[in-house]
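Structure assessment
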Amino acid sequence: MNILEMLNTDSNQMPEHYKDLSIEEMENRVRKIKKKFGERLFIPGHHYQKDEVIQFADATGDSLQLAQISAQNKAAEFIVFCGVHFMAETADILTQDNQKVILPDMRAGCSMADMADIDQTERSWEIIQQTFGDTVLPLTYVNSTAAIKSFVGKYGGATVTSSNAKDMVQWAFTQKERILFLPDQHLGRNTAYDLGVPLDKMAIWNPHTDNFEYEGNIEEVKVILWKGHCSVHENFTVKNVENIRKQQPDMNILVHPECSREVVALSDYAGSTKYIIDTIEKAPAGSKWAIGTEMNLVNRLINNHRDKEIVSLNPYMCPCLTMNRIDLPHLLWTLEELDKDNVINQIVVDNQTTDYAILALNRMLKQS
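Conventions and cut-offs
Residues numbered from 1 in each chain as written. Predicted model: local features only at pLDDT ≥ 70, side-chain atom pairs only at ≥ 80, totals over all residues. Heavy atoms only, no water. Helix = DSSP H or I, 4+ residues; strand = E, 2+ residues; numbered from the N terminus. Buried < 20%, exposed > 50% of the residue type's maximum accessible area, 1.4 Å probe, protein only. Contact = heavy atoms within 4.5 Å. Areas by Shrake-Rupley, 256 points an atom, 1.4 Å probe, with all protein chains shown as cover. Lys, Arg positive; Asp, Glu negative; His and termini not counted. Charge placed at Lys NZ, Arg CZ, Asp CG, Glu CD. Pairing = 2+ DSSP bridges. Axes fitted to C-alpha atoms, helices over the stretch in contact; angles between N-to-C directions. Patch = residues over 30% accessible without salt bridge, like charges linked within 9 Å, V, L, I, M, F, W, Y side chains within 5 Å. Salt bridge = Lys/Arg side-chain N within 4 Å of Asp/Glu carboxyl O. Core = buried A, V, L, I, M, F, W, Y, C linked by side-chain atoms within 4.5 Å. UniProt positions renumbered as here; feature names shortened; annotations may be inferred. Phe/Tyr/Trp six-rings, centres within 6.5 Å; stacked < 30°, edge-to-face > 60°.

The next point concerns the overall build of the protein. Each helix and strand counted, the protein has 16 helices and 15 strands in total. Its C-alpha atoms give the protein principal-axis dimensions of roughly 65 × 55 × 35 Å. Expressed as a percentage of its 368 residues, the buried residues of the protein come to 56%. Here the analysis covers contacts within the protein between residues at least 6 apart in sequence; of these, 66% occur between residues at least 24 apart. For the protein, the computed accessible surface area is about 16400 Å², with 47% contributed by carbon and sulfur atoms. If the 36 positive side-chain charges of the protein are averaged to one point and the 51 negative ones to another, these points end up 4 Å apart.

All right, on to the environment of Ala290 then. Here Ala290 lies in strand 14 (residues 288-292). Sequence separation of Ala290 and His233 is 57 residues, and the distance between their C-alpha atoms is 14 Å. Sequence-distant contacts of Ala290, that is, excluding residues within four places in its chain, are made with Ile244, Met251, Asn252, Ile253, Leu254, Val311 and Leu313.

Moving on to the sheet that holds strand 11 (residues 223-226). What the six strands build is an open sheet, ordered 7-6-8-11-9-10; its pairing is mixed. A single partner strand is all that each edge strand has here, and the edge strands are strand 7 (158-160) and strand 10 (211-213). For this sheet, the mean inter-axis angle between neighbouring strands, taken without regard to orientation, is 30°. Bridge count for strand 9 (residues 202-206) against strand 11 is four bridges, and the pairing is parallel.

Once that is clear, we can look at a negative patch on the surface. A cluster of acidic residues, Asp114, Asp117, Asp119, Glu122 and Glu126, forms a negative patch on the protein surface. Counting residues per element, the negative patch draws most heavily on helix 7 (residues 118-132), which supplies three residues. Looking at the secondary structure, you find Glu122 in helix 7.

Leu139, Leu313 and Leu335 are the most contacted members of the largest nonpolar core, which totals 98 residues. No other element matches the six residues that helix 15 (residues 328-339) contributes to this core. The next biggest cluster of nonpolar side chains, apart from the first, holds 17 residues, and it includes Ala116, Leu182, Tyr214 and Trp226.

Below, the discussion takes up the UniProt feature "binding site: iminosuccinate" (unreviewed entry) in the protein. UniProt feature "binding site: iminosuccinate" (unreviewed entry): in the numbering of this structure it lies at His46, Ser63, Tyr141, Val142, Asn143, Ser162, His256, Pro257, Glu258 and Thr273. Mapped onto the elements of the fold, His46 is located in strand 2 (residues 44-46). Apart from residues lying up to four places away in sequence, His46 is in contact with Ile54, Gly61, Asp62, Ser63, Leu66, Cys82, Gly83, Met87 and Met323. Owing to a relative accessible area of 3%, Thr273 belongs among the buried residues under this scheme. Once you skip the residues sitting within four places of it in the chain, Thr273 turns out to touch His47, Tyr48, Asp62, Ser162, His256 and Leu297.

The next point concerns the UniProt feature "binding site: [4Fe-4S] cluster" (unreviewed entry) in the protein. UniProt feature "binding site: [4Fe-4S] cluster" (unreviewed entry): in the numbering of this structure it lies at Cys110, Cys230 and Cys320. Spanning 211 residues, the annotated positions come together in the fold, the maximum distance between their C-alpha atoms being 9.7 Å. Structurally, Cys110 can be placed in the loop between strand 5 (100-102) and helix 6 (111-114). Classification of Cys110 as buried rests on a relative accessible area of 15%. Those residues in contact with Cys110, other than ones at most four positions away along the chain, are Val84, Phe86 and Thr322. Tracing the backbone shows Cys230 in the loop between strand 11 and helix 11 (238-247).

This brings us to the packing of aromatic side chains. Tallied over the full model, the rule gives seven aromatic pairs. Consider the rings of Trp125 and Tyr155, whose centres lie 5.4 Å apart with planes at 45°: the pair is tilted. Residue Trp125 is located in helix 7, and its partner Tyr155 is located in the loop between helix 8 (146-154) and strand 7; the two are separated by 30 residues in the primary sequence. With a relative accessible area of 7%, Trp125 lands in the buried category. Its relative accessible area of 34% is what places Tyr155 among the partly exposed residues. Centre to centre, the rings of Tyr269 and Trp289 are 5.7 Å apart; their planes meet at 40°, and the pair counts as tilted. Placement of the pair is Tyr269 in strand 13 (residues 269-270) and Trp289 in strand 14, with a sequence separation of 20 residues. Assessed through its relative accessible area of 33%, Tyr269 is described here as partly exposed. Using a relative accessible area of 5% as the deciding quantity, one classes Trp289 as buried. Here a set of aromatic residues connected by ring pairs shows up, and it is made of Trp125, Phe151 and Tyr155.

Next comes the structure, spelled out in structure tokens:
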């Protein structure tokens, strides 16, 4: 059964009556079930989740960090992952067979991860091999599907995070002459550029046309960037930066490296979600910050650091729509079904995919 068939089955649709419950009632019912299950239940919550959900998280963090924490929690029978689909997949890859990973809403996907599916990637790899021979090592951002992680593992590559991308790209160039970076072109471009690779040595691979987007001698290319992006971070623009510089020239601009090269180049600081959080926590009282990342996190930073002036780099930015599909009603529904011994929305990655994906993850962990 594919994901579309799963979404169309009644068992994967939250009953309408949950939408009519008061927040107080839902919160009380979640607390009751959490107390009943105790250590048998573990709820990881990604930084971009809504506050109504994150209040119940047993751990918060980035996707790989949460998957690793879940794997370390051997006592948990049920891992209700408050994030998006690829994150739950990674948790299933790393956890034990007796542990069940559950996603409260199967519609919680990731547009970036979905920009590189396995059929496109395998077809593209054939053309890339024909063009460059055995000189290309594939790397994938952890914000990718299990199938893409597995593909990369199969062909000798590794996963990367926004925190260790520079280390992993450096490692990749000790293995092969070129790299293919999936699925986020911006993180790949920003990382390679910071390591000294000129922009004119980078080509974009368009999986929809099966062509390189590049002007020049293709043999000079060192980095092949998959034509994918984060729908949230791509909405931070040069105009946003210019507006901040004009209106508040003393304000620091701090962005995620999933933003475009132009935005990162004009910003004062760029780094992973953890880097952004740590930077704000260490910043002196009275400092001013415009942050280019997901709005739920920006709002949480604003609320947690009232001694600093913090705004979104894009004043019209909305929270990540797919992340927001995990809400309090879906969390409650998932837990109440568990309380009835009914496991819904379980995420299961097959053994072969898991084995190759673990290879890719382990190569990264060995280098990091």
